[in-house]
Amino acid sequence: MGFLKSLFSGKVETPEEQQKEDLSKNFDVLKYDGVRALRSGELSYAIQCFEHALELQEDLETRDYLSQAYIQSDNLPQACEQLQKLADAQPENVQVLVRIANVQFMMEDYNAMNETCEHALLIDKDNPLLLYLYARACIGQGDLSNGIALLSKTIAVREDYGDAYLLRGETLLDMGDTEGADEDATWLMEHTEGIEEVLMLKGRIEEKKGNKEEAEKYYEQVKKVNPFAFQ
């Protein structure tokens, strides 16, 4: 290949140039074999391809693919490590920090998740998804009051954020505030239909209020949505 190229170009490749070209070709083969394996669910092979590709050449897109393969194979610490390398290379990339926070949530590492969210909010202070994730981190640490405050801020920034209403309602109920929880449940009932978590929240609220028959009606609706909900 190098010889033919030199005939047509009139230029003879040096050994260093040939080596660099071969390295680039090998990298491309490994990377795109890895992508195909990732998409077909061959996670172990995909990880091997991406790791070997990165040994040949640094490439942020390949690290991104590698993090996805690690997440899908439930190797969350390794996924977090790859995402952190992306964050180090792109310190202003909020989406990478969001992904790190989500992985840390799956790991139940709420302290690290808290730090990630705080750092990300310095870049984008009114990002509703970041505020919501920060609230989840606080609640995971047992800091329910700050969690509620952050969820309220999330809703103030984006008033149709259903997940924020649900988490706030569930947390308020856990704190014994049935009226506050019922306000969030009512909003959710008015804006959604047939959502298992919303019906369950409403049932729990009615049960907490002592309305057993009313609670049972909502629990029956939960069973229709998910017959295995109470097993």
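For the structure, check the block above.
Reference entry: report on the structure contained in this document. All values reported here derive from a predicted model rather than from experimental measurement. (Residues numbered from 1 in each chain as written. Predicted model: local features only at pLDDT ≥ 70, side-chain atom pairs only at ≥ 80, totals over all residues. Heavy atoms only, no water.)

### Things to note about unusual backbone geometry
(1) Moving on: With phi around 65°, Asp 74 is a residue other than glycine that occupies positive phi space.
(2) Moving on: Among the structural elements, Asp 74 can be located in the loop between α4 (60-72) and α5 (76-89).
(3) Moving on: Of note, Glu 108 is a non-glycine position whose phi angle comes to about 60°, a positive value.
(4) Moving on: When you line up the elements, Glu 108 lands in the loop between α6 (94-106) and α7 (110-123). (Helix = DSSP H or I, 4+ residues; strand = E, 2+ residues; numbered from the N terminus.)

### What to know about the environment of Thr 116
(1) Moving on: For Thr 116, the position within the fold is in helix α7.
(2) Moving on: Owing to a relative accessible area of 12%, Thr 116 belongs among the buried residues under this scheme.
(3) Moving on: For the pair Thr 116 and Ala 137, spaced 21 residues apart in the sequence, the C-alpha separation amounts to 9.7 Å.
(4) Moving on: With sequence-adjacent residues up to four places away left out, Thr 116 is seen in contact with Leu 97, Ile 100, Ala 101 and Gln 104.
(5) Moving on: At a separation of 2.9 Å, a polar atom in the side chain of Thr 116 contacts the side chain of Gln 104. (Buried < 20%, exposed > 50% of the residue type's maximum accessible area, 1.4 Å probe, protein only. Contact = heavy atoms within 4.5 Å. Polar contact = N/O pair within 3.5 Å; in protein donor to acceptor, adjacent residues only side chain to side chain.)

### Re the packing of aromatic side chains
(1) Moving on: Tallied over the entire structure, the rule returns five aromatic pairs.
(2) Moving on: Taken together, a centroid distance of 5.8 Å and an interplanar angle of 10° make the contact between Phe 50 and Tyr 65 stacked. Within this pair, whereas Phe 50 is found in helix α3 (residues 43-56), its partner Tyr 65 is found in helix α4, the two being separated by 15 residues in sequence. The pair Phe 50 / Tyr 65 is uniform in exposure class, with both members buried.
(3) Moving on: The ring centre of Tyr 161 lies 4.5 Å from the NZ or CZ of Arg 158, which sits over that ring.
(4) Moving on: Above the plane of the ring of Phe 230 lies Lys 223, whose end atom (NZ or CZ) is 5.7 Å from the centre. (Phe/Tyr/Trp six-rings, centres within 6.5 Å; stacked < 30°, edge-to-face > 60°. Lys NZ or Arg CZ within 6 Å of the ring centre and 35° of its normal.)

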